[in-house]
Amino acid sequence: MTEFFIFASLLAAGVAVLLIWPLMAGRGAGEDRDSADAKLYRDQLAEVERDAERGLISPSEAEGAKAEIARRLLAAARRAEQAGGRPGPAPRRLSSYAMIAALVAAPLLSAAVYLGIGSPGRTDLPLAARDSASGPVLAEARPSQREAEAEAAARDRAADTDGPRLPTGEDPELAPLIAQLQGVVAERPNDAEGHRLLAGVLMRQDRFAEAWPVIDRLIEIEGNAAPPDLYAAQAEAMVLAAGGYVSPEAEAVIVATLQRNPEHPMARYYAGLALAQSGRVEQALALWRRLAAESPPDAPWLPVVQGMMAELERQAGPMAAAGGDAGRVPQPDSDAVAAVQSMSPEERMEFMRDRVAALETELTESQGEPQPERWVQLIRSLQVLGEAEEAQRVYALSQERLQGSAASFVRQEALVLGVIDE
């Protein structure tokens, strides 16, 4: 922060010097505009005469041009004579006052503007985090974390027709342990281990709305030593507490995670979810595709990412892969998010395969307009599933079904994806 203010001060001083330099160097008398115009017209007359001597223009053309330039020259000379010649220099005292005003006003005005609309305490933002951080400017129009949690709780109550129920996964036998840990952290607010144990138990019991404030306090206790995983755990708890919605507060925690580790898979996943929910479907898909491509085949988060990609591509329609406007409107609802996240790895994989099979059936049975983007989407999905031979088979089928530019488009995309060789 100190380095920033030093740099800003030097920059403001440099701007002030640029502003006062003409006042310092320009005390001599200047040339008025009409005199300068007269000089320009004399140069033009000389140029016309040289062009006539070289034969570039005919004598008649030269005479006409010289007559017009001479008319303008006489008019400029007459105006200069009426104006009384060259203007005198500005008064020395006035120039001094102007220099002092510039030196004082430039830094003060810059500081006032920055303190009014800037963020002095904000740290640098890694490139990988900028896509996810570009949305909070509209945070005022989005529900807050507490509002989203209240709406999620209301939905749960409305869906519960059999009376009060425990949150999914909660074990009533652990209630005494949770109460004991809550008492410990209340007595010892700086006990990091107590907060860590309480947060872990609450997360395992699906009490996310209670868990994330505990994690937030744990981050405060650990300070700069808090690892990125802790920030990511808080972001996940906040999203799950809000029923799958990424609030402005949760988005800020995601950005904080990516600032500490731009490659963190959980933060990248939720960053994509934030983009999708704000309508930036193409950016969300691009982020998730990079995450899927860079993840190990046995990564536990990979089925979740694949399932969400398939769901988002299905909702976005054929323009999602091509980046058209139709890919920006649909947003995955919280029910779809919660359904995918609640699946086991095997169920998520089966979910993906069902989506892929449904898409292939839709394309092969369609009698309408060709949909090359959807064929590319199908090929890419098969690649994500690790079914390279099936991807090649679907590519060959697309070349049978499509013609002309549509077939060429799929072929070019297949080359980029590595499905076929030149």
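Before any of the text, the structure's been laid out above.
Structure report, in brief.

The rules behind each value
- Residues numbered from 1 in each chain as written.
- Predicted model: local features only at pLDDT ≥ 70, side-chain atom pairs only at ≥ 80, totals over all residues.
- Heavy atoms only, no water.
- Helix = DSSP H or I, 4+ residues; strand = E, 2+ residues; numbered from the N terminus.
- Buried < 20%, exposed > 50% of the residue type's maximum accessible area, 1.4 Å probe, protein only.
- Contact = heavy atoms within 4.5 Å.
- Expected span 1.5 Å × (residues − 1).
- Phe/Tyr/Trp six-rings, centres within 6.5 Å; stacked < 30°, edge-to-face > 60°.
- 1 Å grid on protein atoms, 1.4 Å probe; cavity = no way out; pocket = protein on both sides within 12 Å on 5 of 7 lines; lining within 4 Å.
- Points joined across faces, edges and corners; volume = space filled by probe spheres on them.

**Examining the overall build of the protein**
So, point 1. Across its full length, the protein holds 19 helices and 0 strands.
So, point 2. A buried classification covers 38% of the 422 residues belonging to the protein.
So, point 3. In the protein, 65% of the contacts between residues at least 6 apart in sequence involve partners at least 24 apart.

**Brief notes about helix α17 (residues 372-384)**
So, point 1. In a regular helix each residue adds 1.5 Å, so 13 residues correspond to 18 Å; α17 covers 19 Å between its end C-alpha atoms and thus fits that length.
So, point 2. Among the 13 residues in α17, 11 count as buried, and that is most of the element.
So, point 3. Within α17, the full set of buried residues consists of P372, E373, R374, W375, V376, Q377, L378, I379, R380, S381 and L382.
So, point 4. With its phi angle positive at about 80°, G386 sits one or two positions after the end of α17.

**As for the packing of aromatic side chains**
So, point 1. In this structure the tally under the stated criterion is 2 aromatic pairs.
So, point 2. Consider the rings of Y269 and Y270, whose centres lie 4.9 Å apart with planes at 65°: the pair is edge-to-face. Grouping residues by exposure puts Y269 and Y270 together as buried.
So, point 3. With 5.6 Å between their ring centres and 20° between their planes, Y269 and W288 make a pair best called stacked.

**Brief notes about empty space enclosed by the protein**
So, point 1. Inspection of the entire model under this criterion finds 1 cavity of 30 Å³ or more.
So, point 2. Lining the largest cavity are Q306, M309, A310, E313, M352, R380, S381 and V384.
So, point 3. Among the secondary structure elements, those contributing two or more residues to the lining of the largest cavity are α14 (302-316) and α17.
So, point 4. Tallying contributions element by element places α14 first for the lining of the largest cavity, with 4 residues.

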